[in-house]
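Single-letter residue listing:
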Amino acid sequence: MNTHNTYNYTVVRQFARMTLVWGIVGMGIGVWAAAELAFPSLNLGIPWLSFGRLSPVHSSLLLFAFGGNALFATSYYVVQRTCHTRLFNDGLAAFTFWGWQCVIVLALCTLPYGMTSGKAFAELEWPIDILITIVWIAYAVVFFGTIVQRNTSYVYVANWFFGAYILAVAALHILNSAALPVGLWPMKSYSLYPGTVDAMVSAWYSQGLVDAFMPGAFFGVLYYFLPRQLGHPVYSYRLIVVQFWTFVSLALWAASQHLLYTALPDWTQSLGMVCAVFLIAPFLAGVINGFMTVSADWHRLHSDIILRFLVLALFFYGVEGLEGVVTSIRSVNAFTQYTDWTVSHVHAAGLGWIGFLAFGAFYAMLPRLFNIEQMYSIPLILLHFWFATVGTMLYLLALGGAGMVQSLMWYAQNDDGTLAYRFVESLQVSHPLYVVRLLGGMLYLAGMCLMTYNAWKTVASTLPKARKNEDSVSEVDSVIDHHPAEVHHDSHPPLDPRHGPHRPVDPRHSANPHTGSQHSSESPAHHADH
Amino acid sequence: MSDFLSLWIGVCVLGSLFVCHVLIEWVLHRPDERHEAHKVQYSHQSWGDVRSYDHPVPRSWLYLLYACTLFALIYFSLYPALGTFPGVLRWTSQQQYKDEVGEYNLVYTERFNRYLARSITEIASDPVARTTGQHLFMSYCSNCHQGAGEDRTHYPKLTDRDWLWGGHPEQIEATILHGRTGIMPAWGSVLGEKGVEETASYVMTLAGYKPANPEEVAAGKEHFAAYCAFCHSAGGRGDPRQGAPRLTDKTWMHISSKDALSEAGLEAGVRAAIADGFVNLMPPHWNTLDRAQIHVLAGYVYSLSN
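Owing to the predicted nature of the structure, the values given are computational and were not obtained by experimental measurement.

Even after reading the chapter, I still don't get the overall build of chain A, so can you show me in this structure?
Secondary structure assignment for chain A yields 18 helices and two strands. In chain A, which comprises 530 residues, the share counted as buried stands at 61%. Pairs at least 24 residues apart make up 82% of the contacts formed inside chain A by residues separated by at least 6 positions. Of the roughly 19,500 Å² that chain A leaves accessible, carbon and sulfur atoms contribute 71%.

I'm lost on the interface of chain B and chain A in this one. Help?
One widely used convention gives an interface's size as the accessible area the parts lose upon coming together. Between chain B and chain A, the contact holds 54 residues from the first and 54 residues from the second. When chain B packs against chain A, the two sides together hide about 5,100 Å² of surface, and 63% of this comes from carbon and sulfur. The tally of links between chain B and chain A comes to zero salt bridges. Between the two partners, chain B and chain A, sit 15 residue pairs in polar contact (both at pLDDT 80 or more). Looking at the side of chain B that touches chain A residue by residue, the class counts come to 32 nonpolar, 15 polar and seven charged.

Would you mind going over the packing of helix H6 (residues 195-230) of chain A against helix H12 (residues 340-369) of chain A with me for this structure?
When two helices pack together, their arrangement is given by the angle between the helix axes and the distance between those axes. All names here are of chain A. Orientation of H6 relative to H12, taken along the N-to-C sense of each, is 45°, at an axis distance of 10 Å. By the angle between their directions, the pair H6 and H12 is classed as oblique. Handedness of the H6/H12 crossing: left-handed. Contacts between H6 and H12 pair Met214, Pro215, Phe218, Phe219, Val221, Leu222, Phe225, Arg228 and Gln229 from the former with Trp353, Ile354, Leu357, Ala358, Ala361, Ala364, Met365 and Arg368 from the latter. Across the contact of H6 with H12, the residue classes tally to 14 nonpolar, one polar and two charged.

Explain the confidence of the model for chain B to me, please; I cannot follow it from the model alone.
In low-pLDDT segments, the atomic positions of the prediction should not be examined closely. Residue and element names in this part refer to chain B. Of the residues in chain B, 92% reach a pLDDT of 70 or more, and the chain-wide mean stands at 89. At the level of individual helices and strands, chain B shows its lowest average pLDDT in helix H2 (residues 33-38), which scores 45, and its highest in helix H8 (residues 169-178), which scores 96. A low-confidence stretch, residues 35-45 stays under pLDDT 50, and its non-local contacts, those more than four residues away or across chains, total 25 contacts. Interface scoring of the predicted complex returns ipTM 0.83; its pTM is 0.86.

Where do I start with the domain arrangement of chain B in this structure?
Residue and element names in this part refer to chain B. We note that the domain assignment places domain 1 (3-78), domain 2 (109-179 + 283-303) and domain 3 (183-281) within chain B. Once you take the C-alpha centre of each, domain 2 and domain 3 turn out to be 29 Å apart. Taken together, the 11 residues of domain 2 in the interface contact 17 residues of domain 3. Here domain 2 meets domain 3 over a buried area of about 1,100 Å², counting both sides, of which 53% is carbon and sulfur. The three residues of domain 2 that bury the most area against domain 3 are His154, Leu164 and Trp165, which together make up 48% of that side's buried surface. Where domain 2 touches domain 3, the interface holds zero salt bridges. Scanning the region where domain 2 abuts domain 3 turns up four residue pairs in polar contact (both at pLDDT 80 or more).

Sorry, what's going on with the pattern of salt bridges here?
Where side chains of opposite charge bring their charged atoms close, a pairing between them can arise. One pass over the full model with this rule turns up nine salt bridges over all chains. Two residues, A:Asp90 and A:Arg86, come together in a salt bridge whose shortest N-O distance is 3.0 Å. Residue A:Asp90 is classed as partly exposed on the basis of its relative accessible area, which comes to 31%. Judged by relative accessible area, A:Arg86 falls into the buried class, the value being 15%. Residue B:Asp126 is joined to B:Arg118 by a salt bridge in which the shortest nitrogen-to-oxygen separation is 3.0 Å. The class for B:Arg118 is partly exposed, based on a relative accessible area of 29%. If you follow the salt bridges from partner to partner, you end up with B:Arg118, B:Glu122 and B:Asp126 in one network.

What is the right way to look at helix H9 (residues 280-294) of chain A in this model?
Turn by turn, an α-helix covers 3.6 residues, leaving residues three or four places apart pointing in a common direction. The end-to-end C-alpha distance of H9(A) is 21 Å, a good match for the 21 Å that 15 residues give at a rise of 1.5 Å each. The buried fraction of H9(A) is high, at 11 of 15 residues. Along H9(A), the residues classified as buried are A:Ile280, A:Ala281, A:Pro282, A:Phe283, A:Ala285, A:Gly286, A:Val287, A:Asn289, A:Gly290, A:Thr293 and A:Val294. For H9(A), the elements touching its buried residues are H6, helix H7 (237-250), helix H8 (266-278) and helix H10 (305-327) of chain A together with helix H3 (59-78) of chain B.

Whenever I open this one, the pairing of strand S1 (residues 179-184) of chain A confuses me. Can you help?
Regular strands have side chains that alternate between both faces of the sheet. Residues and elements named next belong to chain A. Across five bridges, the pairing between S1 and strand S2 (residues 187-191) is antiparallel. Bridge assignment links Gly183 to a residue of S2, and that residue is Lys188. Hairpin connection between S1 and S2: a loop of two residues separates the two successive antiparallel strands.

Teacher, can you tell me more about the side chain of A:Gln406 here?
Residues and elements named next belong to chain A. Of note, Gln406 is situated in helix H13 (residues 378-411). Take Gln406: its relative accessible area is 3%, and that puts it in the buried class. Reaching out from Gln406, the side chain makes a polar contact with the side chain of Ser430 at a distance of 3.0 Å. Residues within four places of Gln406 in sequence aside, it is in contact with Thr339, Asp340, Ser426, Ser430 and Tyr434.

When you look at a nonpolar patch on the surface in this model, what are you seeing that I'm missing?
Residues and elements named next belong to chain A. A contiguous nonpolar surface patch, about 510 Å² in accessible area, is contributed by Tyr338, Trp410, Phe423, Val424 and Leu427. Broken down by element, the residue count for the nonpolar patch peaks at three residues, all from helix H14 (residues 423-469). Within the secondary structure, Leu427 sits in helix H14.

Help me understand the nonpolar core, please; the structure alone is not making it clear to me.
Soluble globular proteins tend to pack their nonpolar side chains together in the buried interior. In terms of nonpolar packing, the biggest core is built from 179 residues, with A:Tyr165, A:Phe218, A:Tyr223, A:Phe225, A:Trp353 and A:Phe359 touching the most fellow members. The greatest single-element share of this core, amounting to 20 residues, is contributed by H6(A).

Please clarify how the side chain of A:Asp340 should be interpreted in this entry.
Residue and element names in this part refer to chain A. Tracing the sequence through the fold places Asp340 in helix H12. No salt bridge forms around the buried Asp340; measuring N to O, its nearest opposite-charge neighbour Arg437 is 5.6 Å away. Not counting residues up to four positions away in its chain, the partners in contact with Asp340 are Leu399, Ala402, Gly403, Gln406 and Tyr434.

Where do I start with the environment of A:Tyr165 in this structure?
Residue and element names in this part refer to chain A. In this fold, Tyr165 is placed in helix H5 (residues 157-177). Measuring from C-alpha to C-alpha, the distance between Tyr165 and Phe51 comes to 30 Å, with 114 residues separating the pair along the chain. Apart from the residues within four sequence positions on either side, Tyr165 is in contact with Gly68, Leu71, Trp136, Tyr139, Phe213, Met214 and Ala217.

It is not clear to me how the confidence of the model for chain A should be interpreted in this structure. Could you clarify?
Per-residue pLDDT for chain A averages 87, and the proportion of residues at 70 or more is 86%. In this model, residues 1-5 of chain A is a region of pLDDT below 50 whose contacts with residues beyond four sequence positions or in other chains number nine contacts.

Help me out: how do you make sense of the packing of aromatic side chains in this one?
A ring pair, where both rings are aromatic, is described by two values, the distance of the centres and the angle of the planes. All names here are of chain A. In total, this model carries 55 aromatic pairs over all chains according to the counting rule given. With 5.1 Å between their ring centres and 80° between their planes, Phe15 and Phe97 make a pair best called edge-to-face. With a gap of 82 residues between them, Phe15 in helix H1 (residues 10-38) and Phe97 in helix H3 (residues 90-110) connect regions that are remote in the sequence. Take Phe15 and Phe97: they sit in the same class, and that class is buried.

Parameters and conventions
Residues numbered from 1 in each chain as written. Chains lettered and ligands numbered in written order. Predicted model: local features only at pLDDT ≥ 70, side-chain atom pairs only at ≥ 80, totals over all residues. Heavy atoms only, no water. Helix = DSSP H or I, 4+ residues; strand = E, 2+ residues; numbered from the N terminus. Buried < 20%, exposed > 50% of the residue type's maximum accessible area, 1.4 Å probe, protein only. Contact = heavy atoms within 4.5 Å. Areas by Shrake-Rupley, 256 points an atom, 1.4 Å probe, with all protein chains shown as cover. Buried area = accessible area lost by both parts, 1.4 Å probe. Salt bridge = Lys/Arg side-chain N within 4 Å of Asp/Glu carboxyl O. Polar contact = N/O pair within 3.5 Å; in protein donor to acceptor, adjacent residues only side chain to side chain. Nonpolar A, V, L, I, M, F, W, Y, C, P; charged D, E, K, R; others polar. Axes fitted to C-alpha atoms, helices over the stretch in contact; angles between N-to-C directions. Parallel < 35°, antiparallel > 145°, perpendicular 65-115°, else oblique. Left-handed = near helix turned anticlockwise from the far one by under 90°. pLDDT = per-residue confidence, 0-100. Domains from an automatic or database assignment. Expected span 1.5 Å × (residues − 1). Pairing = 2+ DSSP bridges. Patch = residues over 30% accessible without salt bridge, like charges linked within 9 Å, V, L, I, M, F, W, Y side chains within 5 Å. Core = buried A, V, L, I, M, F, W, Y, C linked by side-chain atoms within 4.5 Å. Lys, Arg positive; Asp, Glu negative; His and termini not counted. Phe/Tyr/Trp six-rings, centres within 6.5 Å; stacked < 30°, edge-to-face > 60°.

Below is the structure:
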């Protein structure tokens, strides 16, 4: 087999590196912004350090630079591995990398100076929007091109989720960013949509991207890395099929649940609400499937930290999804909307689901990318796990609690029909909770730094070796990939006899890739032999 | 919305629900040839290092899906969702708002309106009414005035008898109802630096300080008569018709209580006041509160100093 058909890991490595870098920057800014909410004078009187400017920088960085880069990395990795083919067009793949980093740097150059289109999660101004569109189209070409030239007969489900994400984000981004440019420097444009319609389009975009398709794409990550880590398949293929189709057919229409009791026509609000309630079906399908997949292997959570990341991610997804369904109901929404509850909710998805999956996937993927047996330090992974878990829990409980208290206080009435609390009193009560949230955020950031350090050391330890055969890695790829040590023992050396070859053989597992030799039978080379 | 559009929405929504179900049923019951072909009991598909089992979809999930569908259908028939079809309940968010406001009014408005029949001084001496007044004050006024009586630069103290716009009950009510704009012109360019200093020295004597330089004070007195007495009245007694404060007492609105402690701090503050002037806004409340609430508030504010 020629080198053409082996994997392009270079671009995956690049994206993986930048995911870590931007993750730290974005979370750092998030922590600073959280600190400003608790201690406002931390804006130091500098305009670009004020909360209003930092907040979109934080959300853009974590969505596009952390989440976005992580998905680029994992989708490029997964699509090659499951299609048994090299990425379509290396040049274009490299372009997506440099183009995307360019978008992020431009975001950092404009948002802090107040150049913003003012639309949630789409603050970037029109020239950057155009660049995003171009890069995204290139991404679609690379991804779908790879699928087209696959060496397998079917497209593995993980790729469906990535594919849906790519297509949906293209539509969301282009339609939502439609604007009339009026200046290049400072960048300025006006939305093409009038008032209420603009609000609806903007909600459609942010729900589609932040609530639906970006978290959805991480199912692609889950459905690849979870079975890979466990060494046996996902529980039910059919469940994935129904999950996927119910998800893509509903997710884009639930946005008006965020605009209940607004100027939007009542019927639009109701329709969005029903779709949002309906989303419980795909969301539970995913959770059930994930947990059933792990169900035979609970004991492995003791020894396999990567598995822990993946399973906890699933748990947070469950929390987030249930919250989302319940709070989309009109009367419940009236209670939670416009409080810190919403912030807690999105961070269940951001810190919990997206973050944990990205961490788990990276710990599993990085050693393979760099042709090494395992991460530099397993204890550091464990420490990261606990930092991230405690940090996320603190964050969610503190802000969820703050949201509840705020809402209760705003609704409270005295006997004479007057309001019981001043607005500022609800802030005073929230203040300690904001401090706890800050702590949670700091822990999470610390975990992120640990991971980056760990990754750094991992790569550094391979450097002399890697330098020699950096170029040849792709050629020996099929060997690396099916290195026995990789399959199950990435993070837990076979100390536990249950994992070793002596494990009683479950009939379902008999043909399972439990050893390297079976794996190699599925290598691209082998496939080509057929 | 046209009937056509409405119909289109209805058909789209119900149609896609239906199609979704058909597809799901198809997926659930589709026999799997590959299954048979490979004679592998569990393995549906395999791609190198990952596979999927082909377990059936759990029953519980299916029931959940049916429940969702049932919920959707019931909701669509009860509430407005399918275009112009108003739903059996004829619910609208506007009507809900009106109903809730109506409910509130039924209970409380009448109670409030009873206060309108009573004079402000009566309200001020009624502890129940005062408590209600305090609640209202906390919600609507404390952003600016803080808890009544707390000291805050640029905002008048409401607990003393020193009034900008007059302390009669009717004057207080008028202040709350229509708002006030206190305007003190900037005199820096008219008087020049020296003129400002001289006038400030004179104002200091009004407030009871011994003059350091009698000549300066005499010049300041002339300036005052020429430029200031028009509003602040001769001798700085103040004029409630213009909201011009009395300058002969020791309460200052625009000078922080810390600065006002020392003579030097006070003089600097007075100079700045004269040179730069102020525009100070007390917003009107006729458009945000109803008359009865304002009446009760006036009673509460009046009670603070009487």
